[in-house]
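Coordinate inspection notes
Spelled out, the chains give:
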Amino acid sequence: MKKTTALTRQDLKIYKSQRLTDTPDGGGMMTNQPLVGADNELFDPISDVDRTMGALDTRLIYPAVLRDDDEKLLGANVIVSQPPEAENASILIVPADHYGQERASIMERIEAYRVPTVETRMTLWGTQLKGSRLVRVYQMISAPIPVVGDVLALRVIVDEKPVYDFVRIERLTHSIDTFEESNGVEFQRRVIQIVAQQPLERDFVGVERVSKYDVFPPARVMDTQIADSAKYYGIKPLAEAIVQGAASLKLPTVFEQLVPVSTVETPMADDWASGRLMWIETAPRRNVYSGSRLFQSGERLYLECPVLPASVQIDGWTDDGLGHLVRGDKRLQIDYANGVISGFDGVNIGTVSAIPAVQVRNFAYSAAIEINETNIGTDFAPLLRPRPARGSVAVDFISSSTWYQLNDNGDGILRDNQNRGRGQVSRNGSAVISLPVQPDANSHLLVSWTPQDFYHNYDGSEAGEAILPSNLSSVFRLPETPKSSLKPNSIRLTWNNGMAQTASDQNGKLSGDATGWVDYAAGLVYPDAGLRAAAVQIRAEQYIGAIVRKNVSVKDGDVMTFSAGARIQAGTLAINMPIGHLAKPNAQPVYPTPSLPTPRRLSTSV
């Protein structure tokens, strides 16, 4: 049966609301004035400022049919039938929550696409005044830097309830500055100047003085995440033509710009674009503090060296790898890079053991996993080669056009911005990744890391392993730069192999905790047994007279004799001569084949 109605297209009209403005009370009840399609009837002309900086205009409209009868309305709908002519302008339809809704109310829902989550690693520095767009914070140098377009939330407690002001980053600058504690100890922090797109709606009070340790100002900087609290309807052109019977169609994108943003490209010259921080172990686990004492409020415990995150062991305390030592409801702060524990309040500390390590920066390797219809999901298990260093692995992915990052703090656990574990990385390079949300199709999962093999012990062993002393062979000589004309019986070697050891010379030979022989004239010591050390100290007396070199004739026979022509200082005589044999009397000497003779060096202890 064919459906018919007496309604015509002329009956379908869009009526104005009471206030077509962008003030908080914009919107309101429906009027009896329909839109007629005149220029700038609904929205104001785009100003030069809005065209440059961006703007979001909202209007409440009422599509309706007003007739004096009860004729049925069949299949009516509202669509955006034509996109804006300007490429940098977009239009969306959002269903109102209720009749007569005002702009302030609908903007709360539109802005609620971002909701506060957890506190960031940034600390608000100073008082951020109402009406200002500048927000100043500081953070650890190793903490990730926010990027243009990120949305942060400033939180303050008012009447025991949290109040938020959202800050979308329009641009930012950052620098590493040096500060000084009250006791004169210097430290560094990264200071970030953020320019927000919208002025602050209230004052936010931060810390008055930059602190090296955790502080708790009245206003906190919170991270945000996407929460789809509103539905949007728009228009997009086809990316490919469709034919009759097709079950799908392809668009260039299903996203539309909602929040205005002005983007400026800034070229960076000589910047370490792919550099990543990493932790390199410098020794096996050992005690970095020995003792037992009560630490009062304000005191700090200085360890012997920087330590690897999550490696600190104190009886009854747990290192969470995030800069905290936890025992029940008590918490201490630890600065791994400087080896400092703080936050005491009458806490007794005994022996502290940890893995010594140092944090360095080097260029990174990267790998990309293509996300398509065959592997889209949240779990991945890549094998990283070469093996990654501790704390150098980062995983970046895009979901709903927003980039997310997972990081390894040095304990092998991949964490998101809320410090929730999302995977792990083993020492051999195998990684297990569990993303918090599904990545976008036709995107990439990016993994970057710095290889462990960039760094080794000087003996070639893996960084962090114990350096074992090795035997010096008979061809090893000391020192690397010879000191000629050493005085016999004046040489003394000292070294440590778990205990102090020594050796000395006597008539050209070494004796004591090591044996060997000495070439006094050349200034060389040849140990052959017993010397096991990473470093050896040599002390000896040296003749200061000039060395005399001369060619002398040799009388042939069973005993070769020659005259130096002057008295020889003991231990300084060195003889160089080619050695061969005569095939027959009065013939030329024959030297060992296949090459000319190698000069032999003789020395005496005369």
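Residues numbered from 1 in each chain as written. Predicted model: local features only at pLDDT ≥ 70, side-chain atom pairs only at ≥ 80, totals over all residues. Heavy atoms only, no water.

1. Focus on the overall build of the chain
Rule in force here: Each helix is a run of H or I in the DSSP string that is no shorter than four residues. Each strand is a run of E no shorter than two, and both are numbered from the N terminus. Here the term buried applies to any residue with accessible area under 20% of the maximum for its type, exposed to any over 50%, and partly exposed to those in between, with areas from a 1.4 Å probe on protein chains only. Contacts were defined at the residue level, with two residues in contact if any of their heavy atoms lie within 4.5 Å. Note that accessible areas follow from Shrake-Rupley with a 1.4 Å probe, and for residues the cover is restricted to the protein chains shown.
Within the chain, the regular secondary structure consists of 2 helices and 41 strands. Here the chain holds 606 residues, and the buried ones make up 33% of them. Considering only residue pairs separated by 6 or more positions, the chain has 66% of its internal contacts joining residues 24 or more positions apart. When the accessible surface of the chain is split by element, carbon and sulfur atoms take 51% of a total near 37500 Å².

2. Topic: the nonpolar core
Keep this limit in mind: Within this scheme, the nonpolar core is defined by two criteria: the residues are buried Ala, Val, Leu, Ile, Met, Phe, Trp, Tyr or Cys, and they are joined through side-chain atoms within 4.5 Å.
If you look at the biggest cluster of nonpolar residues, it comprises 24 residues, and the most contacted ones within it are Leu301, Val312, Ile341, Ile349 and Val352. Not counting the four nearest positions on each side in its chain, Ile341 is found in contact with Glu299, Arg300, Leu301, Leu303, Ile314, Leu325, Leu332, Gln333 and Ile334.

3. Brief notes about the pattern of salt bridges
Note the following rule: In what follows, salt bridge is the name for a side-chain nitrogen of Lys or Arg lying within 4 Å of a carboxyl oxygen of Asp or Glu.
Scanning the entire structure with this criterion turns up 23 salt bridges. Note that Asp44 and Arg59 form a salt bridge whose closest N and O atoms lie 3.7 Å from each other. A residue pair is termed long-range when its members are at least 10 positions apart, and Asp44 in the loop between β2 (27-34) and α1 (48-53) and Arg59 in the loop between α1 and β3 (61-64) qualify at 15 residues. One network of salt bridges, with partners in common, ties together Glu281, Arg387, Arg390, Arg427, Asp453 and Glu462.

4. Considering unusual backbone geometry
Between Arg385 and the following residue, Pro386, the backbone shows a cis peptide bond with an omega angle of 0 degrees. Even without glycine at this site, Asp159 takes up a positive phi of about 55 degrees. Tracing the backbone through its elements, the reader meets Asp159 in the loop between β8 (151-158) and β9 (161-180). Under the relative-accessibility criterion, Asp159 is labelled exposed at 69%. In the Ramachandran plot, Asn442 falls in the positive-phi region, its phi being about 60 degrees despite a non-glycine side chain.

5. Focus: the confidence of the model for the chain
Threshold: Per-residue confidence from the prediction method is given by pLDDT, with values spanning 0 to 100.
Mean pLDDT over the chain: 83, with 86% of residues reaching 70 or higher. Note that residues 593-606 has pLDDT below 50 and, in this model, 26 contacts with residues that lie over four places away or in other chains.

6. Points about the sheet that holds β3
To keep it simple, the criterion reads: Pairing between two strands requires that DSSP report at least two bridges joining them. Lines fitted to C-alpha atoms define the axes here, with helix axes fitted over just the stretch in contact, and angles between the N-to-C directions of these axes take values from 0 to 180 degrees.
Taking strand neighbours across the sheet as the criterion, the 3 strands line up as β2-β1-β3 in an open arrangement whose pairing is antiparallel. Every interior strand has two partners, whereas the edge strands, β2 and β3, have only one. Here the average twist between neighbouring strands, direction ignored, is 40 degrees. Two elements, strand β1 (residues 13-19) and β3, share 4 bridges in a ladder whose sense is antiparallel. Of the residues in β3, the one forming a bridge with Tyr15 is Tyr62.

7. Thoughts on the sheet that holds strand β20 (residues 340-342)
Reading across the sheet, the 5 strands line up as β16-β20-β19-β18-β17 and stay open at both edges, with antiparallel pairing between neighbours. In the strand order of this sheet, the two ends are held by β16 (301-302) and β17 (318-319), each with one partner. Here 2 bridges tie β17 to strand β18 (residues 324-327), and the two strands are oriented antiparallel to one another. The residue of β18 that forms the bridge with Thr318 is Val326.

8. A look at the side chain of Asp411
For the record, the criterion: Each polar contact in these results corresponds to two N or O atoms within 3.5 Å; when the atoms are within protein, one needs to be able to donate a hydrogen and the other to accept it, and residues that are neighboring in sequence are counted only if both atoms are side-chain atoms.
Following the sequence through the fold, Asp411 ends up in the loop between β27 (402-408) and β28 (413-415). A polar contact is formed between the side chain of Asp411 and the side chain of Arg415, at a distance of 2.9 Å. Setting aside residues no more than four positions away along its own chain, Asp411 makes contact with Pro309, Ala310, Asp320 and Gly321.

9. Structural notes on the environment of Tyr526
As for its placement among the helices and strands, Tyr526 is situated in strand β36 (residues 524-529). By relative accessible area, which is 15% here, Tyr526 ends up buried. In the structure, Tyr526 is positioned 10 residues away from Gly516 in sequence and 5.5 Å away in space, judged by C-alpha atoms.

10. A closer look at a nonpolar patch on the surface
The line we're drawing: Distance thresholds for patches are 9 Å for like charges and 5 Å for nonpolar side chains (Val, Leu, Ile, Met, Phe, Trp, Tyr), applied to residues having over 30% relative accessible area and no salt bridge.
Taken together, the side chains of Leu238, Ile242, Leu249, Leu251, Val254 and Phe255 present a nonpolar region at the surface, about 550 Å² in accessible area. Given the relative accessible area of 45%, Ile242 is considered partly exposed.

11. Quick look at the pairing of strand β12 (residues 220-226)
Within β12, 5 of the 7 residues are buried, leaving the element largely enclosed by the surrounding structure. The pairing of strand β4 (residues 114-119) with β12 spans 4 bridges and is classified as antiparallel. Bridge pairing in β12 links Val115 to Gln225. The pairing of β8 with β12 spans 3 bridges and is antiparallel. Of the residues in β12, the one forming a bridge with Arg155 is Arg220.

12. Considering the packing of aromatic side chains
Which entries qualify depends on this criterion: The rule is short: rings of Phe, Tyr and Trp, with Trp giving its six-membered ring, pair when the centres are within 6.5 Å, and they are stacked under 30 degrees, edge-to-face over 60, tilted in between. Put simply, a charge is over a ring when the Lys NZ or the Arg CZ is close to the ring centre, within 6 Å, and near the line of the ring normal, within 35 degrees.
Evaluated as defined, the whole model comprises 10 aromatic pairs. Ring geometry for Phe363 versus Phe454: centroids 5.0 Å apart, planes at 55 degrees, classification tilted. Taken together, the positions of Phe363 in strand β23 (residues 357-363) and Phe454 in the loop between β31 (443-449) and β32 (492-496) put the pair 91 residues apart, joining distant regions of the chain. Taken together, Phe363, Tyr365, Trp449 and Phe454 form an aromatic cluster joined through their ring pairs. In this structure, Arg136 is placed above the aromatic ring of Trp125, and the distance from its NZ or CZ to the ring centre is 4.1 Å. One cation-aromatic arrangement involves Arg293 over Phe295; the distance from NZ or CZ to the ring centre is 4.2 Å.

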